[in-house]
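# Chain and residue survey
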Amino acid sequence: MNCASKCNSINCLIVGTSVSLMLTLVLIPAQRIMGVSKCAEHFVEGVKGMSEPIMILILAWSLGFAMNDIHTSEYIAGALGENMPVQYFPSLVCLIGYTMSYASGSAMGTQGIIFPLIIPVVVHLTGDTEVYVKTIAAAFGSTVFGNLCSPIADTTIASALFTNCPIVDHLKVMTTFCVPIAVLSLLFGDLFVGLNLYPFYVAYIISLLAMVLVFVLFGRHPRRRSLFQVLLDRARGIKRASSGSSSDSDTSERTALLSKGKNK
């Protein structure tokens, strides 16, 4: 554990990637799977595909270093002071993660922006380690939302291209699944666990039951109506029947009054 904590992770990644790349360029032509020129073409295409995420990460790191140099976290912590209860911080971080990841389409890029800004603020506001853990968990979980639902996310574009599916249709499907889960996670997870209403394992159970309830109410076969639509139509029918009966009774009363007036 000591060795892992003191090692230079960036150098390890660079050396590991370089060695694996060289072995790949040697072994594939040696096994006659692909020629050297073809390997070079695929290597260039791979570099093109990775250039955008790398640039997003570099810009996110640059922004994080800049915020650290100008002491942004200290300013936010001082501005909030005692006015911001730390119990609401995980849910606030979750909302920020949802918004930023959807706007950027990158989970790692959002994490690179959020962590240098949010974690020092929490450290300045409280010394409770449970709040640290809840805030970090909220930051990790919320940033994945945009990576799945954002129209500019690389996973969205790649999934639509690989499956030959229009991006709009793919987004409709992913939004249908992800938005209810995001709302339930924010409500029963980050908010209520942050308020110490129950421990995290109870949040798993409640969120699971809530997701089953949402599925039963709103889930439907493509050629059938959902249970919620059936119940709504029945409620409308009862309302129309009651309003129709009341209007019929009003009409009969008016007719009786008119007939009495004629008899007089």
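Conventions used here
Residues numbered from 1 in each chain as written. Predicted model: local features only at pLDDT ≥ 70, side-chain atom pairs only at ≥ 80, totals over all residues. Heavy atoms only, no water. Core = buried A, V, L, I, M, F, W, Y, C linked by side-chain atoms within 4.5 Å. Buried < 20%, exposed > 50% of the residue type's maximum accessible area, 1.4 Å probe, protein only. Helix = DSSP H or I, 4+ residues; strand = E, 2+ residues; numbered from the N terminus. Axes fitted to C-alpha atoms, helices over the stretch in contact; angles between N-to-C directions. Parallel < 35°, antiparallel > 145°, perpendicular 65-115°, else oblique. Left-handed = near helix turned anticlockwise from the far one by under 90°. Contact = heavy atoms within 4.5 Å. Salt bridge = Lys/Arg side-chain N within 4 Å of Asp/Glu carboxyl O. Polar contact = N/O pair within 3.5 Å; in protein donor to acceptor, adjacent residues only side chain to side chain. Nonpolar A, V, L, I, M, F, W, Y, C, P; charged D, E, K, R; others polar.

In this structure, Phe89, Val93, Tyr98, Ile118 and Phe145 are the most contacted members of the largest nonpolar core, which totals 19 residues. Contributions of two or more residues to this core are made by helix H5 (89-104), helix H6 (107-125), helix H7 (129-149) and helix H9 (167-194).

Axis separation between H5 and H7 bottoms out at 7 Å; the angle between their running directions is 25°. As the angle between them shows, H5 and H7 are arranged roughly parallel. Crossing of H5 against H7: the hand is right-handed. Judged by residue contacts, Phe89, Pro90, Val93, Cys94, Gly97, Tyr98, Ser101 and Tyr102 of H5 engage Lys134, Thr135, Ala138, Ala139, Ser142, Thr143, Phe145, Gly146 and Cys149 from H7.

Oppositely charged side chains can form a pair if their charged atoms are brought close together. Applying the stated criterion to the full structure yields one salt bridge. In this structure, Lys38 and Glu41 form a salt bridge, with 3.9 Å as the shortest nitrogen-oxygen distance. Placement of both Lys38 and Glu41 in helix H3 (residues 36-69) is noted, with a separation of three residues, approximately one turn of the helix. Relative accessible area serves as the criterion here: at 43%, Lys38 is assigned to the partly exposed category. With a relative accessible area of 48%, Glu41 lands in the partly exposed category.

Now for the environment of Ala103. By the secondary structure assignment, Ala103 is in helix H5. Expressed as a C-alpha distance, the spacing of Ala103 and Pro151, which sit 48 residues apart in the sequence, is 8.9 Å.

Following the sequence through the fold, Thr143 ends up in helix H7. Within the structure, Thr143 has its side chain in polar contact with the backbone oxygen of Ala139 (distance 3.1 Å). For Thr143, the residues in contact, after removing those within four places along its chain, are Gly97, Ser101, Ala107, Thr110, Gln111 and Ile114.

In this section: the packing of H7 against H9. It is at 10 Å that the axes of H7 and H9 come closest, and there the two elements cross at 170°. Taken as axis vectors, H7 and H9 run roughly antiparallel relative to one another. From H7, Lys134, Ala138, Phe145, Leu148 and Cys149 reach across to H9, where they touch Leu171, Met174, Thr175, Cys178, Val179, Ala182, Asp190, Val193 and Gly194. The class makeup of the residues in the contact of H7 with H9 is ten nonpolar, two polar and two charged.

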